[in-house]
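Single-letter residue listing:
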Amino acid sequence: MLGKLIKNGFKSNLSATFTIYITMLIMSVVLGALILFDFTSFGTNGAVAALVSKLVVSAALCVTSIVSVILTLVAVFGDFSRSMYGTEGHLTMALPVRGSALLLAKWISGTLCVIISYLVFYLSLIFCAFSVLTDLSGYINAGDAASYNVYAIAWQFITYAIQASGKIIPDESIIFTMVNLYAFEGAIRVCIFVLLVFFAITLAHVRPFNKIKKLGPILYFFASFAVVEGISKLVSAMVKVYMLIDANYAFTFTLYESEANLAWSYGLGAYPITGVYCSVLMSIAVFLVTAYLIDRKVNVDA
């Protein structure tokens with residue numbers, strides 16, 4: 001039953017953003033065609049034309065990807081409000097499942113849709129930056145006898161900045177691991193963000209909190225978000241746990257910030273894990289409270 005609920009929720013959320021994703025796909029194909037087309041045969045004017053055209057298409061693609069994120073959020077939260085407490089609320093509550101199962105299905109499907117929209121957004125940014133920087137490098141080369149590499153210049157600047165801070169650039173495996181860890185942390189934050197919005201919408205249908213009609217969910221979201229962030233910051237300040245990472249994927253843990261700073265000086269990685277653990281624990285707490293409200297306290301609109 002849970003699988004069917006997740007599947008239906010996923011389909012319902014994606015149907016609202018299908019058109020915008022098709023538009024982004026068309027723009028990506030156009031941008032890819034512009035990348036493959038050789039404008040350098042036209043000389044400097046061709047390089048300028050390629051740069052301008054890719055800037056226009058890249059800007060349109062970035063704007064469209066931002067709109068897709070917004071539409072996805074509206075679709076996910078609107079579907080939750082409508083199917084749980086709106087016109088479809090009585091049918092949903094009549095299903096032979098507990099409120100925790102309904103909430104879990106909505107949470108999983110909604111979070112997956114939001115994460116997909118964020119991935120599309122970031123991939124669009126990377127794709128656009130790559131296309132523009134490639135043409136920018138070609139434009140510089142076409143206008144000067146010397147050869148410049150924009151990527152090499154950017155990496156050299158980053159290298160100088162890191163070395164100036166007294167640190168050593170970590171090994172590629174450490175950088176890859178750190179990127180994965182921060183990506184996982186970002187996914188956790190998306191999960192708790194979606195759940196906090198669901199909690200705020202649910203609280204707005206519980207007496208006496210339902211007296212605030214339109215602004216209720218917004219106020220309750222910001223209040224709950226402030227509480228969760230405040231607790232996480234407080235715990236992270238009181239108990240600091242760092243995971244040290246070396247090139248052999250060996251992990252060690254330390255409670256001392258000085259050791260974490262020293263690890264960067266030796267080309268190792270140091271990742272603070274207290275915030276992630278707090279976010280996970282707070283997600284469990286918010287989920288249990290929301291499920292209790294759905295089962296015992298919520299009032300479904302007629």
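Conventions used here
- Counting restarts for each chain: residues are numbered from 1 in the order of the written sequence.
- Given that this is a predicted model, residues contribute local features only at a pLDDT of at least 70 and side-chain atom pairs are listed and counted only at 80 or more, while totals for whole chains, interfaces and linings are drawn from all residues.
- In computing side-chain values, all of the structure's heavy atoms are included and hydrogens and water are not.
- Aromatic pairs are defined between Phe, Tyr and Trp rings, using the six-membered ring for Trp, whenever the two ring centres lie within 6.5 Å; interplanar angles under 30 degrees are classed as stacked, those over 60 as edge-to-face, and all others as tilted.
- Secondary structure elements follow DSSP: runs of H or I of four or more residues count as helices, runs of E of two or more count as strands, with numbering from the N terminus.
- Accessible area is worked out with a 1.4 Å probe on protein chains only. A residue is then buried under 20% of its type maximum, exposed over 50%, and partly exposed in between.
- In protein, a polar contact requires one atom able to donate a hydrogen and another able to accept it; more generally it is a pair of N or O atoms within 3.5 Å, and residues adjacent in sequence count only if both atoms are side-chain atoms.
- Fitting a line to C-alpha atoms yields each axis, with helices limited to the stretch in contact; the angle taken between N-to-C directions then spans 0 to 180 degrees.
- Note that the term roughly parallel is reserved for angles under 35 degrees, roughly antiparallel for angles over 145, roughly perpendicular for angles of 65 to 115, and oblique for everything else.
- With the far helix as reference, a near helix turned anticlockwise by less than a right angle produces a left-handed crossing, and one turned clockwise produces a right-handed crossing.
- Note on contacts: a residue pair is in contact if any heavy atoms of the two residues lie within 4.5 Å.
- Following DSSP output, two strands are said to pair if at least two bridges run between them.
- To form a nonpolar core, buried Ala, Val, Leu, Ile, Met, Phe, Trp, Tyr and Cys residues must be joined to one another through side-chain atoms within 4.5 Å.
- Any carboxyl oxygen of Asp or Glu that lies within 4 Å of a side-chain nitrogen of Lys or Arg is treated as forming a salt bridge with it.

The tally for this structure, following the rule as stated, stands at eleven aromatic pairs. Taking the centre distance of 6.1 Å and the plane angle of 90° together, the rings of F77 and F198 count as edge-to-face. One end of the pair, F77, is in helix α3 (residues 43-85); the other, F198, is in helix α7 (residues 172-203), with 121 residues separating them in the sequence. Across this residue pair, the class does not change: F77 and F198 are buried. Through pairs of rings, three or more aromatic residues link up here, namely F77, F80, Y85, F193, F198, F221, F222 and F225.

This part is about the side chain of S109. One can find S109 in helix α5 (residues 99-143). The exposure class of S109 is buried, given its relative accessible area of 1%. Within the structure, the side chain of S109 is placed 3.3 Å from the backbone oxygen of K106, a separation counted as a polar contact.

Between α7 and helix α10 (residues 274-296), the shortest axis-to-axis distance is 9 Å and the interhelical angle comes to 25°. It follows that α7 is roughly parallel to α10 by the angle criterion. Relative to α10, α7 is oriented so that their crossing is left-handed. Residues F184, E185, I188, I192, L195, L196, F198, F199, T202 and L203 of α7 pack against V276, S279, V280, M282, S283, V286, F287, V289, T290, L293 and I294 of α10.

It is worth spelling out the environment of R207 at this point. Of note, R207 is situated in the loop between α7 and α8 (216-238). Residue class for R207 comes out exposed when judged on its relative accessible area of 65%. Taking C-alpha positions, R207 is 7.8 Å from V298, a pair spaced 91 residues apart along the chain.

To continue, consider the pairing of strand β1 (residues 242-245). By the alternation rule, side chains of β1 split into Y242 and L244 and M243 and I245, which are all buried. Pairing analysis gives four bridges linking β1 to strand β2 (residues 251-254), with the strands arranged antiparallel. Bridged to L244 within β2 is T252. When β1 meets strand β3 (residues 269-272), the two strands line up antiparallel, connected through four bridges. Bridging across to β3, M243 finds its partner in Y271.

Among the nonpolar cores identified, the biggest contains 39 residues, and F77, F80, Y85, L103, V194 and F198 are the most heavily contacted of them. Mapped by element, the contributors of at least two residues to this core are α1 (2-15), α3, α5, α7, α8 and α10. Among the elements that line this core, the one with the most residues is α7, at eleven residues. Of all hydrophobic cores here, the second largest spans nine residues; its members include V241, I245, Y271 and I273.

Our next topic: the pattern of salt bridges. Counted by the stated rule, this structure contains five salt bridges. Linking R189 and E185 is a salt bridge whose minimum nitrogen-to-oxygen distance equals 3.5 Å. Here E185 and R189 lie together in helix α7, a separation of four residues that amounts to about one turn. With a relative accessible area of 36%, R189 lands in the partly exposed category. Connected through salt bridges with shared partners, the residues D79, R82 and K106 form a single ionic network.

Glancing now at the sheet that holds β2. Taken in spatial order, the three strands line up as β2-β1-β3 in an open sheet, and their pairing is antiparallel. Of all strands in the sheet, those with a lone pairing partner are β2 and β3, marking the two edges. Taking the axes of each pair of neighbouring strands and ignoring which way they run, one obtains an average angle of 30° across the sheet.

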